[in-house]
Amino acid sequence: MPAGPDMEVTQPTVACLVMAAGRGLRAGGGLPKQFRAIAGVPMLARTLRAMAAMPCIDRVMPVIGAGDIADYETLVGAIPGVDAPVFGGATRQVSVRNGLEALAAGNPPALVLVHDGARPFAAAGLVDRVVAALKDGARAVIPAAPVTDTVKRVGDDGVTVLETVDRSRLRRVQTPQGFLFDALLVAHRAAAGADLTDDAAVMERAGIAVTAVDGDAANIKITTAEDFEEAERRMTGNLTVRTGMGFDVHRFEPGDAVTLCGIRIPHTARLAGHSDADVGLHALTDAILGTIGAGDIGDHFPPSDPQWKGAPSDRFLRHAAALVRARGGLIDHVDVTLICERPKIGPHKQAMRAAIAGILDIDGDRVSVKATTTEKLGFTGRGEGIAAQAVATVRA
Ligand code: MG
C-alpha cells in the first residue's frame, strides 16, 4: 500500500514542564530565586526561552506558585512557544502532578520532560539525549553525572565519619528528566501523598525501570547567591561589547513647544515630523539598534504607517531596548548630544537623563545628555531645526 496521509510516521509530541513553584528565598534578593535576574534577565525567563527554543520540544508549560502570578506577568511575561503558567502546590511532587493534569486536560503529549526552572544552562545536546532514549523505548530517563568528590557517610551526630562510600556507582541526577506521559501521569496519581524528591523516584515506586543518560557538568542548578554570581559570570563572559551610533534632524515649524529626550519644553516653534519628532530619542533609538545590527528606526516604524502619527517616541526606544534584551544583552551606557541654539537645554538635562533611564530601565548614571550650539553656523545655527547624535554601548 502506498504511503498516504494515514500512513505518515508522526513523531511523538514532546511537552516540557518547567518547575518554578518553590519559594527559593535562599539566594537572597527578596524575590523567589526563579525571578531573580542573571545578567539582566530573570532566571525563569532564561530557562523558558531555552526550552522553547529546543527543536525537539513542542510545547513548554511553566508551573509557578499561585502567589507569584503578578511577578511572573511583570518579570517573565509572554514568551513565544510557552503556555500560560499552571499553579503548583505545597510540594514539588504536587506541583508536577498539577502540571501533568493540565497537560492531560488538553491535548496530551506522548512524551513529557520535567525540568527545573533553576537550570537555565541545559544544552540542546543534553535534551536530545533524554528524548532520544525515550524514542528508543525507555519509559523513564534521567541525565546523570558521575560523583567526582570523595563521599563519606557520617553518623547521627553529623560529624563522625563512619565509612568511605564507593562513588563509582553513584550518580548526581539532573533535569530535564523524560517520561512516557501516560506512565508518569498514572504513577503520579498513584503516588499522591508519598514524599518523593524527583519524578524518577515516582516511576521507581511504580516499578518502572529508569534509564540514565550522560548529564552535563554545565547544567548546574542555581540555588545560592554564589550560584547566581557564577551564572552571571558565565552569561556575561560570552557577551561582546558593542557600540552603535545614531544621528537625526528635524526642522522647525510653527508651534509652541518641542519634545526633546522625552521632555516637553515650551518654545516659539515645534519640530516637524510624523511622530512627536523627538530628535534626541530618535538618534538614541538608532544608536541602540546599531549595536545589534538591527537596522534603523524607519525599518521598524515606517513613517508611511499612520499608526505612528504623533506617537510618543519612547515606544521606539523601548522597542530597541527590548530587542537588545531579547538576545540576552545588557545596555551599559548611552550618550546623547542635542545640537541647537534654542531652546536652552541646560535646565532640562537632568530631567532628560531621568526620562531616558526610565524608558531603558537602567541606572541614571548610565545615561548622559549633553548640548551644544554650532556658533550660529549652518541650519542649526540659523535656527531652522535641531540635530541630535547618540552613542550606545551594550554587551550582547
Ligand atoms: Mg527622526
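Since we're looking at a predicted model, the values are computed, not measured. (Residues numbered from 1 in each chain as written. Predicted model: local features only at pLDDT ≥ 70, side-chain atom pairs only at ≥ 80, totals over all residues. Heavy atoms only, no water.)

(A) Region of interest: the coordination of the magnesium ion. Taken together, D248 (OD), H250 (NE2) and H282 (ND1) make up the protein donors of the magnesium ion, found 2.1 to 2.2 Å from the metal. When the donor residues of the magnesium ion are listed from N- to C-terminus, their spacing reads D-x1-H-x31-H. Within this pair, whereas D248 is found in strand 13 (residues 241–254), its partner H282 is found in helix 8 (residues 279–291), the two being separated by 34 residues in sequence. Neither residue differs from the other here; D248 and H282 are each classed as buried. (Donors = N, O, S within 2.8 Å, 3.2 Å for Na, K, Ca; no water. Helix = DSSP H or I, 4+ residues; strand = E, 2+ residues; numbered from the N terminus. Buried < 20%, exposed > 50% of the residue type's maximum accessible area, 1.4 Å probe, protein only.)

(B) Up close: the environment of A390. Relative to the helices and strands, A390 resides in strand 19 (residues 385–395). On the basis of relative accessible area, A390 is assigned to the buried category, the value being 3%. Leaving out residues up to four positions away in the same chain, A390 has contacts with G244, M245, G246, A283, L284, A287, D335 and V336. (Contact = heavy atoms within 4.5 Å.)

(C) Summary view of unusual backbone geometry. Note the cis peptide between T175 and P176, where omega equals 5°. Topologically, P176 is positioned in the loop between strand 10 (171–173) and strand 11 (177–180). Residue P343 is bonded to the preceding R342 through a cis peptide linkage, with omega at 0°. In this model, C261 sits at a positive phi of 50°, which is unusual for a non-glycine residue. Secondary-structure assignment places C261 in the loop between strand 14 (257–260) and strand 15 (263–266). With relative accessibility at 0%, the residue C261 sits in the buried group. The phi torsion at K376 lies on the positive side, around 65°, for a residue other than glycine. By the secondary structure assignment, K376 is in the loop between strand 18 (367–372) and helix 12 (378–381). Judged by relative accessible area, which is 63%, K376 ranks as exposed.

(D) Structural context of the side chain of S95. Note on placement: S95 falls in helix 3 (residues 92–105). You can call S95 buried: its relative accessible area is 3%.

(E) Region of interest: the pattern of salt bridges. All chains considered together, the criterion is met by 16 salt bridges. As a salt-bridge pair, E163 and R153 come within 2.6 Å of each other at their nearest N and O atoms. Of this pair, E163 sits in strand 9 (residues 161–165) while R153 sits in strand 8 (residues 151–154), and the two are 10 residues apart along the sequence. Looking at R153, the relative accessible area reads 44%, which means it is partly exposed. The closest approach of N and O atoms between R234 and E230, which form a salt bridge, is 4.0 Å. Linking R234 with E230, this pair stays in helix 7 (residues 225–237), spanning four residues, or about one helical turn. Since its relative accessible area comes to 31%, E230 is described here as partly exposed. When salt bridges with common partners are traced through the structure, they connect R92, D116, R119 and D199 into a single cluster. (Salt bridge = Lys/Arg side-chain N within 4 Å of Asp/Glu carboxyl O.)

Geometric values such as these leave the question of function open.
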